[in-house]
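Coordinate inspection notes
So you can see what is in the structure, the chains are spelled out below.
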Amino acid sequence: MERAYRAVFLIALLLGILLLMPLDRVTADDRLIEIIADHDNQFKVPGQKKAVITLKAGEPVLLRITARRGGEWRKDGTVHSFTIVGLEDEGWDLLLKEGTQEFSLKAPSEPGEYKAQCTVKCGIGHNEMRMKVIVTP
Ligand SMILES: [Cu+2]
């Protein structure tokens, strides 16, 4: 009898864990987007002259961001952020530590041109540290 209880408990636990996982993490086939938040306090996209990324509205994406410390950083080790003002609640407010980090996100549902910016005082150039995010229908 006790064994049956344990089995039920384990199955419930497993289901609970699966339910808690965001669905796009389970499927893990999100499009990979690479961005550099560089030590000169500029966003860069590897292989591109201009820092601009294009997403499809609502698509799940995996952002791989490499951050390099500029002249200033936060005490907690945050060196830059990648923030779309107004979409923070949808996850578009990524605090970046030194090194490479990955973030699973959903592209904004509303097509248009967005501006991503750094909200962490990172030194000279911080006020111009932004890049374009184009969202197509
Ligand atoms: Cu900054």
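Structure: see above.
Notes on the structure in this doc start here. Residues take numbers from 1 onward in each chain, read along the sequence in its written order. pLDDT decides what is reported in this predicted model: residues at 70 or higher carry local features, side-chain atom pairs at 80 or more are listed and counted, and totals for whole chains, interfaces and linings draw on all residues regardless.

Among buried residues, those of type Ala, Val, Leu, Ile, Met, Phe, Trp, Tyr and Cys that are joined through C-beta atoms within 7 Å form a set called a nonpolar core. With C-beta atoms placed from the backbone, a residue is labelled by how many other C-beta atoms lie within 10 Å of its own: buried for 20 or more, exposed for 12 or fewer, partly exposed between the two. With 23 residues, the main nonpolar core has Ile-35, Ala-37, Ile-65, Phe-82 and Leu-96 as its most contacted residues. Elements are defined by DSSP. Helices are runs of H or I of four residues or more, strands are runs of E of two residues or more, and each kind is numbered from the N terminus. Looking at this core, the elements that each hand over two or more residues are β1 (31–37), β3 (52–56), β4 (60–67), β5 (78–84), β6 (93–97), β8 (112–117) and β9 (130–136). Distance between backbone-placed C-beta atoms decides contact: two residues are in contact if it is within 7 Å. Not counting residues up to four positions away in its chain, the partners in contact with Phe-82 are Ile-35, Ala-37, Ile-65, Leu-94, Leu-96 and Ala-116.

Let us now look at the sheet that holds β1. Strands sit in the order β2-β1-β4-β7 across an open sheet of 4 strands; the sheet is mixed. A single partner strand is all that each edge strand has here, and the edge strands are β2 (43–44) and β7 (99–106). Two elements, β1 and β2, share 2 bridges in a ladder whose sense is antiparallel. Bridge pairing in β2 links Ile-36 to Lys-44. For two strands to be treated as a pair, DSSP must find no fewer than two bridges joining them.

Before going further, it helps to examine the environment of Trp-92. As for its position among the elements, Trp-92 is in the loop between β5 and β6. In this structure, the C-alpha to C-alpha distance between Trp-92 and Ala-116, residues 24 residues apart in sequence, is 8.5 Å. Setting aside its immediate chain neighbours within four residues, Trp-92 contacts Thr-83, Ile-84, Leu-87 and Leu-105.

A few words on unusual backbone geometry. Notably, Asn-41 is not glycine yet its phi reads approximately 60 degrees, a positive angle. Among the structural elements, Asn-41 can be located in the loop between β1 and β2.

These figures come from the coordinates and say nothing about function on their own.
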